[in-house]
Amino acid sequence: MQSVTVTREIERDPDEVRAAMADVGEFMRASGFDDVTVDGDTLTIANSVGLATIELVLDLFDDPEAVLAYEHREGIFDEMVTRYFLEETADGVEVSATTDFALQARLIGPLLDATVIKRQRRVELTNQFDWLESGPA
């Protein structure tokens, strides 16, 4: 299993940040995905990574420790789970996101490997944190 974590302190009211993240469609669009569809607790995202286009179907689930959590149902992963955590600080809130994943063995090769996924995932999470910092909601 591979893991990617991005953490940032954001100088905003924690309730505002939580509310922005609760708008799951906009929060996921902030990642820079090419397409985001929300249907209840199901997210479908598509993104071009290098020469490949990756489409994932994700299910939101309750995690008592996380403000937002989703897991892979269909796509390139054997397993993939992302959890977002908030911790209040003196100046706002520390936002942390961790994605744990295992790629399907048949997809690991010259065009797609864990290094590419980690790099892309850091970009996506950083984009989301930039969006939270810029003041949505």
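Residues numbered from 1 in each chain as written. Predicted model: local features only at pLDDT ≥ 70, side-chain atom pairs only at ≥ 80, totals over all residues. Heavy atoms only, no water.

Asks: Describe a negative patch on the surface, with residues and values.
Replies: Together, Glu9, Glu11, Glu87, Asp91 and Glu94 make up a negatively charged patch on the protein surface. Structurally, Glu11 is set in the loop between strand E1 (2–10) and helix H1 (14–22). (Patch = residues over 30% accessible without salt bridge, like charges linked within 9 Å, V, L, I, M, F, W, Y side chains within 5 Å. Areas by Shrake-Rupley, 256 points an atom, 1.4 Å probe, with all protein chains shown as cover. Salt bridge = Lys/Arg side-chain N within 4 Å of Asp/Glu carboxyl O. Lys, Arg positive; Asp, Glu negative; His and termini not counted. Charge placed at Lys NZ, Arg CZ, Asp CG, Glu CD. Helix = DSSP H or I, 4+ residues; strand = E, 2+ residues; numbered from the N terminus.)

Asks: Please set out the pattern of salt bridges residue by residue, giving values where relevant.
Replies: Under the defined criterion, the tally for this structure stands at eight salt bridges. For Asp59, the salt bridge goes to Arg73, with nearest N and O atoms at 2.7 Å. Residue Asp59 is found in strand E4 (residues 52–60), and its partner Arg73 is found in strand E5 (residues 68–74); the two are separated by 14 residues along the sequence. Connected through salt bridges with shared partners, the residues Arg8, Asp130 and Glu133 form a single ionic network.

Asks: Explain the packing of aromatic side chains to me, and be specific about the residues and the numbers.
Replies: Enumeration over the complete set of coordinates arrives at four aromatic pairs. The interplanar angle of 50 degrees and the centroid separation of 6.1 Å between the aromatic rings of Phe27 and Trp131 together place this pair among those described as tilted. Within this pair, whereas Phe27 is found in helix H2 (residues 24–29), its partner Trp131 is found in helix H3 (residues 114–134), the two being separated by 104 residues in sequence. Residue class for Phe27 comes out buried when judged on its relative accessible area of 0%. Between the aromatic rings of Phe77 and Phe101, the centroid separation amounts to 5.7 Å while the plane-to-plane angle is 70 degrees, which identifies the pairing as edge-to-face. Taken together, the residues span a long stretch of sequence, with Phe77 in strand E6 (residues 77–89) and Phe101 in strand E7 (residues 92–103) at a distance of 24 residues. The burial state of Phe77 is the same as that of Phe101; both residues are buried. An aromatic cluster of three or more residues is present, and its members are Phe27, Tyr70, Tyr84 and Trp131. (Phe/Tyr/Trp six-rings, centres within 6.5 Å; stacked < 30°, edge-to-face > 60°. Buried < 20%, exposed > 50% of the residue type's maximum accessible area, 1.4 Å probe, protein only.)

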